Amino acid sequence: MGLDLSVEIGGLKFKNPVILASGCAGYGLEFEDFFDISLAGGVSLKGLSVKGSGGTHPPRIWETPAGLINAIGLQNIGIDAFIRDKAPRLRKIDTVFIANFYGHRIEEYTEAGVMLDQEECVDALEMNISCPNISEGGIQFGVNPPLVYKVVSACRKAIKKPLWVKLSPSSDIRETAKAAVEGGADALTVINTIPAMAVDVEKIEFRIHNRVGGLSGPAIHPIAVRMVNDACQTVKAPVIGCGGVEKAEDGIEFMLLGATAFQVGTALFRNPLAPVEIIEGLEKYLERHGFSSMNEIIGKLHNGNDKPRSCS
Ligand SMILES: Cc1cc2nc3c(=O)[nH]c(=O)nc-3n(C[C@H](O)[C@H](O)[C@H](O)COP(=O)(O)O)c2cc1C
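This report concerns the structure included in the present document. Quantities reported herein were computed from a predicted structural model and do not represent experimental measurements. (Residues numbered from 1 in each chain as written. Predicted model: local features only at pLDDT ≥ 70, side-chain atom pairs only at ≥ 80, totals over all residues. Heavy atoms only, no water.)

Structural notes on the overall build of the chain
Along the backbone of the chain there are 8 helices and 16 strands. A compact globule built from 312 residues would reach a C-alpha radius of gyration of about 20 Å, and the chain, at 18 Å, matches this within 12%. Oriented by its inertia axes, the alpha-carbon framework of the chain measures out at about 55 × 50 × 40 Å. A buried classification covers 55% of the 312 residues belonging to the chain. For the chain, contacts bridging at least 24 residues in sequence account for 69% of all contacts bridging at least 6. Surface exposure of the chain reaches about 13800 Å², of which carbon and sulfur atoms provide 52%. Taken together, the 31 basic and 37 acidic charged side chains of the chain have centroids lying 4 Å from each other. (Helix = DSSP H or I, 4+ residues; strand = E, 2+ residues; numbered from the N terminus. Rg over C-alpha atoms; globule rule 2.2 N^0.38 Å. Buried < 20%, exposed > 50% of the residue type's maximum accessible area, 1.4 Å probe, protein only. Contact = heavy atoms within 4.5 Å. Areas by Shrake-Rupley, 256 points an atom, 1.4 Å probe, with all protein chains shown as cover. Lys, Arg positive; Asp, Glu negative; His and termini not counted. Charge placed at Lys NZ, Arg CZ, Asp CG, Glu CD.)

Notes on the site of the ligand
Around the ligand, 23 residues are found, and the nearest of them are Ser 22, Lys 166, Gly 217, Gly 244 and Thr 266. Within the backbone of Ile 191, an N or O atom sits 3.2 Å from an oxygen atom of the ligand. Within the side chain of Thr 266, an N or O atom sits 2.6 Å from an oxygen atom of the ligand. Class assignment of the residues belonging to the shell around the ligand gives a composition of 7 nonpolar, 14 polar and 2 charged. (Near = heavy atom within 4 Å. Polar contact = N/O pair within 3.5 Å; in protein donor to acceptor, adjacent residues only side chain to side chain. Nonpolar A, V, L, I, M, F, W, Y, C, P; charged D, E, K, R; others polar.)

Regarding helix α8 (residues 274-289)
Taking 1.5 Å as the rise per residue, α8 with 16 residues should run 22 Å; its terminal C-alpha atoms sit 22 Å apart, in good agreement. Buried residues of α8: Ala 274, Pro 275, Ile 278, Ile 279, Gly 281, Leu 282, Tyr 285 and Leu 286, and no others. Buried residues of α8 fall within an arc of 160 degrees about the axis and therefore sit on the same side. More than 90 degrees from the buried face of α8, the exposed residues found are Lys 284, Glu 287 and Arg 288. Lining the buried residues of α8 we find β3 (18-20), α6 (248-256), β16 (261-264) and α7 (267-270). Residue Gly 290 follows α8 closely and has a positive phi angle near 75 degrees. (Expected span 1.5 Å × (residues − 1). Arc of directions from axis to C-beta.)

Points about the side chain of Thr 95
Tracing the sequence through the fold places Thr 95 in the loop between α1 (79-90) and β7 (96-101). Judged by its relative accessible area of 10%, Thr 95 is buried. One polar contact links the side chain of Thr 95 to the main-chain carbonyl oxygen of Gly 41, over a distance of 3.0 Å. Look past the residues within four positions of Thr 95 in its chain and what remains in contact with it is Ile 37, Ser 38, Ala 40, Gly 41, Gly 42, Val 43 and Asp 123.

Observations concerning the sheet that holds strand β5 (residues 61-64)
Within a sheet, each strand pairs with its neighbour through backbone hydrogen bonds, oriented either parallel or antiparallel. Overall, antiparallel pairing links the 4 strands, which are arranged β5-β6-β14-β11 in an open sheet. Both edges of this open sheet fall to β5 and β11 (194-196), since each of them pairs with a single strand only. Each strand of the sheet is rotated relative to its neighbour by a mean of 35 degrees, with strand direction disregarded. Two strands pair when backbone bridges link them, and β11 and strand β14 (residues 213-216) are joined in this way by 3 bridges, in the antiparallel orientation. Of the residues in β14, the one forming a bridge with Ile 194 is Leu 215. (Pairing = 2+ DSSP bridges. Axes fitted to C-alpha atoms, helices over the stretch in contact; angles between N-to-C directions.)

Here we look at the pattern of salt bridges
Scanning the entire structure with this criterion turns up 13 salt bridges. Residues Arg 91 and Glu 119 are paired through a salt bridge, measuring 3.0 Å at the closest nitrogen-oxygen approach. With Arg 91 in the loop between α1 and β7 and Glu 119 in the loop between α2 (106-117) and β8 (124-128), this pair connects stretches of sequence that are 28 residues apart. Via salt bridges that share partners, Arg 174, Arg 226 and Asp 230 belong to a single interconnected network. (Salt bridge = Lys/Arg side-chain N within 4 Å of Asp/Glu carboxyl O.)

Below, the structure is given as structure tokens:
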């Protein structure tokens, strides 16, 4: 039986639902020594900004028993350098490239979005709204629904390609999901890293120079599962699950709850071949359960009519 792993997100076709998560796969090309990245459904590129950034001071990574705390500080080469040095190679690779981008002011978001919108290798854009908004005194865009609406609608008006919004787990996900979709988001990525801290008790100092970093990896997976469920139950827009996926079954959990696809991030650092193994695992799962396509499992757990339940 021919298995169909393909999924569609807002008119964009993906050969399978496995997308490399932003910041964990560089500009895609870094993985070429490990596997043919055109095997992946898509690649979300390292978050780009108009002028680029050197990131934060080291130490900026700390490995925990079940994940990673990072405070890279959105280090990136800037959009002009990306278009000049990376995009020509990406244009020749047959997968979906999603340009992750950010700014510290609404105008920085729209400027970055417009520049990336014009690049041929970019198939969709993914807004990272977990940045402090300078004009609003440092409050994160992503935690404030009216601000989410404002920044998303400004970008939606300026950009032609599909616009994904990556939600912050520090927000009430139902409210920010609603605000992003009302602002014109075509899809939602749920979730980004969770603010975390670690202390070296011998040296009596913070493990991360920035003190606070973002926790990712298996530790956050059950939280991401709950938030993906809540987002899927709140909005009709496609949801892309993200957080702690290490094997096919972790991504399938997201899809059974309604996600159309999922991203793989931290797992890539431990096992760069994780995407290939996950794709094989998806095929085995479909076979094991007698399904013929990934589309059959999307939202299967709810059958489209369950209502969300709150915790006690
Ligand atoms: C080192 C590192 C860098 C990251 N950089 C970005 C980024 O530039 N933009 C973004 O939206 N998310 C970024 N993320 C968050 C991931 O894309 C993902 O949302 C998060 O790590 C949860 O997924 P995971 O548990 O599979 O890693 C980064 C994560 C890590 C670990």
